[in-house]
Amino acid sequence: MFNNIADNIIKDFNKIKDKLHKILSTTVLEECLILYNLVRQLEDHSIIVEIGTGLGRTAVTMGYGCIGKNSIVYTTDNYAESDTYSEWGMKEHNQGNWNFEQAKKNIENFEVKQYIKQYNLDSIEFSKIFKEESIDLLFIDDCHEYNFVKSEINIWKNKIKKKGIMCGHDFTVRLNEQNTVARAVLDSDIVRNGLFIKNSIWIVKRWW
Ligand SMILES: C[S@@+](CC[C@H](N)C(=O)[O-])C[C@H]1O[C@@H](n2cnc3c(N)ncnc32)[C@H](O)[C@@H]1O
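Residues numbered from 1 in each chain as written. Predicted model: local features only at pLDDT ≥ 70, side-chain atom pairs only at ≥ 80, totals over all residues.

Enquirer: Describe unusual backbone geometry, with residues and values.
Expert: One non-glycine residue, His45, lies in the positive phi region at around 60°. Here His45 shows up in the loop between α2 (29-40) and β1 (47-51). What makes His45 exposed here is the crowd of 11 C-beta atoms within 10 Å. Positioned with a positive phi, Tyr79 is a non-glycine residue whose angle comes to about 55°. Relative to the elements of secondary structure, Tyr79 occurs in the loop between β2 (72-76) and α4 (82-93). (Helix = DSSP H or I, 4+ residues; strand = E, 2+ residues; numbered from the N terminus. Buried ≥ 20, exposed ≤ 12 C-beta atoms within 10 Å, placed from the backbone.)

Enquirer: Hey, could you go over the environment of Leu33 for me, with residue numbers and the actual values?
Expert: Within the fold, Leu33 resides in helix α2. Spatially, the C-alpha atoms of Leu33 and Glu132 are 28 Å apart, while their sequence positions differ by 99 residues.

Enquirer: How would you sum up the sheet that holds strand β3 (residues 116-119)? Please name residues and give values.
Expert: In space, the seven strands of this open sheet follow the order β3-β2-β1-β4-β5-β7-β6, with mixed pairing throughout. Lying at the two open borders of the sheet, with one neighbouring strand each, are β3 and β6 (196-198). Averaged over all adjacent pairs, the angle separating strand axes in this sheet is 20°, with direction ignored. By the bridge criterion, four bridges tie β1 to strand β4 (residues 135-140) in an arrangement that is parallel. Bridge pairing links Val49 to Leu138 in β4. (Pairing = 2+ DSSP bridges. Axes fitted to C-alpha atoms, helices over the stretch in contact; angles between N-to-C directions.)

Enquirer: I'd like a description of the nonpolar core, backed by residues and values.
Expert: Membership of the largest hydrophobic core comes to 51 residues, with the highest contact counts inside it found for Leu35, Val39, Leu137, Leu138 and Cys167. A per-element tally of this core places α2 first, with seven residues. Not counting residues up to four positions away in its chain, the partners in contact with Leu35 are Thr58, Thr61, Met62 and Phe139. (Core = buried A, V, L, I, M, F, W, Y, C linked by C-beta atoms within 7 Å. Contact = placed C-beta atoms within 7 Å.)

Enquirer: Account for the site of the ligand, naming residues and giving values.
Expert: Close contacts around the ligand come from 22 residues, with Thr27, Gly52, Gly54, Arg57 and Asp142 the closest. Broken down by secondary-structure element, the contributors of at least two residues to the shell around the ligand are α3 (57-65) and α4. Of the residues belonging to the shell around the ligand, the class tally is six nonpolar, ten polar and six charged. (Near = placed C-beta within 6 Å. Nonpolar A, V, L, I, M, F, W, Y, C, P; charged D, E, K, R; others polar.)

Enquirer: Lay out α2 in plain terms, naming residues and giving numbers.
Expert: For α2, which comprises twelve residues, the first-to-last C-alpha distance of 16 Å matches the rise-based estimate of 16 Å (1.5 Å per residue) to within 8%. The buried fraction of α2 amounts to nine of the twelve residues, a majority that puts the element mostly inside the structure. Every buried residue of α2 is accounted for by Glu31, Cys32, Leu33, Ile34, Leu35, Tyr36, Leu38, Val39 and Arg40. (Expected span 1.5 Å × (residues − 1).)

Now the structure itself:
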């Protein structure tokens, strides 16, 4: 039974991965598969929130997870790091334009656009939109500074439903350094009852 579910998820993901690959992103396709899987496992009518839209690869991935479930992905980005990412995009992939409009264009190319609500807000401002215990899955992929991530986790953690999922990207990036996402996650009390790491995605189920 379990294998059938896993096989189906992988089969479905294989149908979309070439399209996802066309969106410039720092999240690799194996990690998109993990996110897709997490979203597929949620109940119908789930609320999914992403902080750090970038150019939309992960938002679209999670949008595919909403098909047939009437779930919604709310995604935001303040594009504060636009210059850095545009420079990286130009250098590595000959694509600049790391901004809201480009992300919107990318998302609109996908059949799942109706499941994605895109915002241009800072994480902290965005958090004010959501009530306590209202989110089924939160994916954090924005600023990677230790102090920011630590306070961001605190601001968002009670917005997650009981037994909901809080997860994020870049856990394994610069793992041996102090000022990293990994340190901030490990120093936070949300990990007290366990933490899953898959590729560079960290995942915690709400127990608090
Ligand atoms: C690694 S990228 C996101 C990539 C995207 N999740 C994907 O994989 O397709 C990180 C994004 O977080 C955004 N960001 C940084 N600080 C932010 C903040 N305080 N609030 C909202 N977005 C922020 C940056 O502008 C950048 O576009």
